[in-house]
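# Structure assessment
Listed here are the chains, written in short residue letters.
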Amino acid sequence: MNEFRNYPLNEWILKAIDDLGYQTPTPVQQQTIPLLLEQDTDVIALAQTGTGKTAAFGIPMLQKIDIKSRITQALIIAPTRELCLQISNDIKDLSKHQRDNINVVAVYGGANIETQIKQIKQGCQIIAATPGRLVDLIDRKVVKLAEIRILVLDEADEMLNMGFKEDIDYIIEQTSQQKQTWLFSATMPNEVARIAKNYMYNAVEISVGNKNAAASNIQHIFYTINQNKHRYLALKRIIDYSPDVFGIIFCRTKIDTQRVADMLIKDGYSADALHGDLSQAQRDFVMKRFRNKSIQLLIATDVAARGIDVDNITHVINYDLPDDLEVYTHRSGRTARAGKSGISVAIVTSSEARKIKDLEKFAKTKFHRSLIPTGIQVCEKQLLHLVDKIKETAVDEENIKDFLPLVLERLESLSKEELIKKLVWEEFSRFYTYYQNAPDINNMKDVDVSSHRQSVRLFLNLGEMDGFNWQSLKDYVSDVTSIPNAFIKNMDVKKSFSFFEVSPGDLDKAMRMNDGHFNNRAVKLQKAETVKKEGGSGGGGGRKSSGFGKRRSSSDQKPRSRNRSRSY
Ligand code: AMP
């Protein structure tokens, strides 16, 4: 049974929740929904974006409003037009089985105010508004705050960051004392605390995670570059090492944002810029392309990226770290939404590295230092990605069958091996040519190289027979153990078992795999030394060397000891 059915909600809301596919309330929903259904109370909820906070206030709001009345009873204030639209759409989805009776209007700057006034005057129970436009509508006496019973301040910290302090004070001061205020904020800076203190009464505090804390399903990684001029090269390596990246790259200024985007586009990446010097129409166009994944990389300023809510973002890359620590939490919160995991990356020079320490304290999270992949590592990753892609390509037999005899005739003289080599090289040579002599750009001064080189080799009783290849097994191990993917090394998948390496510090986390099951089989993980013999009897089927290992140029990376598996 859908767990939302445990709450005393109208059937039409429950039906909409079913349609949306929500089965289990998220942690913030578990704390807010029953509370707000039962009590008329003020609430301060510390919740990141992506935690399901819109439904956390939207569901009790819909249950509480009087749908027979067309008077505006609930008002949501949010920092950006994007977010207002998102909220109003989410609430419309939740009220879809009452479409004729419930009206939700989004109002925000930059759009025709007359149209918005008309919509409000037609009667709407719920308004989602940006502060500036709302003040305008209040001054024109279109929105009457005296009737509001529920006021939601969404992303309160962002609104205050963006300079809406006076507008928010003005709005709240005009609302009636009878209303309930529900404040949602990812962080709790003094300004938000001041709003809570001045305007809220006996508010119940709800927190999913720590104050200011970064979400826990995000892996925080930083790379230290030698010199500032290597920043762009490092960015490219990081991107190239993650062929399926779908991410946002944050820069500090509009000029940097455009410059980095231009360079990436020139270098053949699927990228575009988002910043305040673009017109609203241009920004909408870029966002549309990013949202439908026509572009892989969005290079953005903090202001332009506010309120961006795109699912499945794999990476947030801090091209520069922000001055304000809170901004980092907002940036990284763009990934790992709706229970997914994500990676937040920072590129720093050694003089900026102390900021990482400050961030660790502030966001109460651990950053892992990672080494910028060498050119050869990037090549290997890309090559294997290409091979996997070829392997997984679904061929449209029907459409290719007429051409196939011709193609086969032309390729007849080639052996399978020659054919594979040519096919792969055709695609891959561009990468190899670019990267073969690429220098190491890591700053190694403060790295304890010996500790990086030390690793523990582990044996795992899962392999190809369980449907894994090296990449998917790495992902699986990372998911189960919370060890960042980048720290699971030398994954070597055999038929029925595998080997991989982790740093000694991650050993305890890795051992968590022993508590689990895969396809009804108990998962067994142990140090490889203790299973030398066992491993020796297996063999075959593992990932073959790409042949690039010998040409590895950098000596400071831990060499991948591909042959080592043979000794087992
Ligand atoms: P939000 O934090 O409101 O922006 O929500 C983030 C994402 O989580 C949205 O795509 C929602 O549709 C989704 N979501 C919200 N609540 C649930 C739930 N209980 N189960 C599954 N997905 C949800």
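Since we're looking at a predicted model, the values are computed, not measured.

### Observations regarding the overall build of the protein chain
- Helices and strands together make up the secondary structure of the protein chain, namely 23 helices and 20 strands.
- Burial statistics for the protein chain: of 568 residues in total, 54% are counted as buried.
- Considering only residue pairs separated by 6 or more positions, the protein chain has 77% of its internal contacts joining residues 24 or more positions apart.
- Only carbon and sulfur atoms are counted for the fraction: they give 49% of the accessible area of the protein chain, which is about 26900 Å².

### Side note on the side chain of S498
- As for its placement among the helices and strands, S498 is situated in strand β17 (residues 498–502).
- Engagement of the side chain of S498 in a polar contact is seen with the backbone oxygen of L462, the distance being 2.4 Å.
- Every residue in contact with S498, bar those within four places of it in the chain, is listed here: L458, F459, L460, L462, G463, L473, M491, D492 and V493.

### Focus: the packing of aromatic side chains
- Going through the model one piece at a time under the given rule, you end up with 16 aromatic pairs.
- Pairing F497 with F499 gives two aromatic rings, centres 5.7 Å apart and planes at 80°, and the pair type is edge-to-face.
- On the basis of relative accessible area, F497 is assigned to the buried category, the value being 8%.
- Positioned above the aromatic ring of F246, the side-chain terminus of K293 is 4.4 Å from the ring centre.

### Remarks on the sheet that holds β17
- Strand order in this open sheet of four strands is β16-β17-β15-β20, and the pairing throughout is antiparallel. For this open sheet the edge positions go to β16 (489–493) and β20 (525–527), each flanked by a neighbour on one side alone. Taken over all neighbouring pairs, the strand axes of this sheet differ in orientation by 25° on average, direction set aside.
- Sheet topology note: the strand β15 (residues 456–460)/β20 ladder contains three bridges and is antiparallel. What sits directly across from L460, in β20, is L525.

### A word on the site of the ligand
- Taken together, 14 residues surround the ligand, and among them Y22, T24, Q29, G52 and T54 come closest.
- Within the side chain of Q29, a nitrogen or oxygen atom sits 2.8 Å from a nitrogen atom of the ligand.
- At a separation of 2.6 Å, an oxygen atom of the ligand approaches a polar side-chain atom of T54.
- Burial of the ligand by the surrounding chains reaches 80%, relative to a free accessible area of 500 Å².
- Each residue belonging to the shell around the ligand can be placed in one class, and the counts come to four nonpolar, seven polar and three charged.

### Description of the confidence of the model for the protein chain
- On average, residues of the protein chain score 84 in pLDDT, and 89% of them are at 70 or above.
- Ignoring residues within four places in sequence, the model shows residues 448–452, a span with pLDDT below 50, making five contacts including any to other chains.
- Low pLDDT, under 50, characterises residues 531–568; the predicted model gives this stretch 76 contacts beyond four residues in sequence or across chains.

### Concerning the environment of I172
- Counting through the fold element by element, I172 comes out in helix α8 (residues 165–174).
- Given a relative accessible area of 4%, I172 falls into the buried group.
- Separated by 27 residues in the primary sequence, I172 and Y199 have C-alpha atoms spaced 7.5 Å apart.

### Let's talk about helix α12 (residues 280–291)
- Taking 1.5 Å of rise per residue, twelve residues should cover 16 Å, and α12 covers 16 Å from first to last C-alpha, within 8% of that figure.
- The set of residues buried in α12 consists of V286, M287 and F290. The buried residues of α12 occupy an angular sector of 100° when the element is viewed end-on, so they sit on one face. Counted as exposed and oriented over 90 degrees from the buried face of α12: A281, F285 and K288.
- Two residues or fewer past α12, K293 is found with a positive phi of approximately 65°.

### Quick notes on a nonpolar patch on the surface
- Together, V395, I400, F403, L404, L406, V407, L408, L411 and L419 line one region of the surface with nonpolar side chains, adding up to about 760 Å² of accessible area.
- The dominant element in the nonpolar patch, judged by the number of residues it contributes, is helix α18 (residues 404–411), at five residues.
- Relative to the helices and strands, V395 resides in the loop between α16 (375–392) and α17 (397–400).

### Examining the nonpolar core
- Ranked by internal contacts, the top residues of the largest apolar core, which has 49 residues, are L235 and L264.
- With five residues, helix α10 (residues 231–240) is the single largest residue contributor to this core.
- For L235, the contacting residues outside a window of four places in its chain are I249, V260, L264, I317, Y319 and I347.
- In this structure, A45, A47, I59 and I87 belong to the second largest nonpolar core, which totals 41 residues.

### Quick word on unusual backbone geometry
- The phi torsion at E155 lies on the positive side, around 50°, for a residue other than glycine.
- Note on E155: relative accessible area 5%, which makes it buried.
- A positive phi angle is found at N202, which is not glycine, with a value near 40°.
- Mapped onto the elements of the fold, N202 is located in the loop between α9 (190–199) and β7 (204–207).

### Concerning helix α3 (residues 53–64)
- Taking 1.5 Å of rise per residue, the twelve residues of α3 would be expected to cover 16 Å, and the 17 Å separating its terminal C-alpha atoms lies within 8% of that figure.
- Across the twelve residues of α3, eleven count as buried, placing the element largely inside the fold.
- Taken as a whole, α3 has its buried residues at K53, T54, A55, A56, F57, G58, I59, P60, M61, L62 and K64.

Calculation criteria
Residues numbered from 1 in each chain as written. Predicted model: local features only at pLDDT ≥ 70, side-chain atom pairs only at ≥ 80, totals over all residues. Heavy atoms only, no water. Helix = DSSP H or I, 4+ residues; strand = E, 2+ residues; numbered from the N terminus. Buried < 20%, exposed > 50% of the residue type's maximum accessible area, 1.4 Å probe, protein only. Contact = heavy atoms within 4.5 Å. Areas by Shrake-Rupley, 256 points an atom, 1.4 Å probe, with all protein chains shown as cover. Polar contact = N/O pair within 3.5 Å; in protein donor to acceptor, adjacent residues only side chain to side chain. Phe/Tyr/Trp six-rings, centres within 6.5 Å; stacked < 30°, edge-to-face > 60°. Lys NZ or Arg CZ within 6 Å of the ring centre and 35° of its normal. Pairing = 2+ DSSP bridges. Axes fitted to C-alpha atoms, helices over the stretch in contact; angles between N-to-C directions. Near = heavy atom within 4 Å. Nonpolar A, V, L, I, M, F, W, Y, C, P; charged D, E, K, R; others polar. pLDDT = per-residue confidence, 0-100. Expected span 1.5 Å × (residues − 1). Arc of directions from axis to C-beta. Patch = residues over 30% accessible without salt bridge, like charges linked within 9 Å, V, L, I, M, F, W, Y side chains within 5 Å. Salt bridge = Lys/Arg side-chain N within 4 Å of Asp/Glu carboxyl O. Core = buried A, V, L, I, M, F, W, Y, C linked by side-chain atoms within 4.5 Å.

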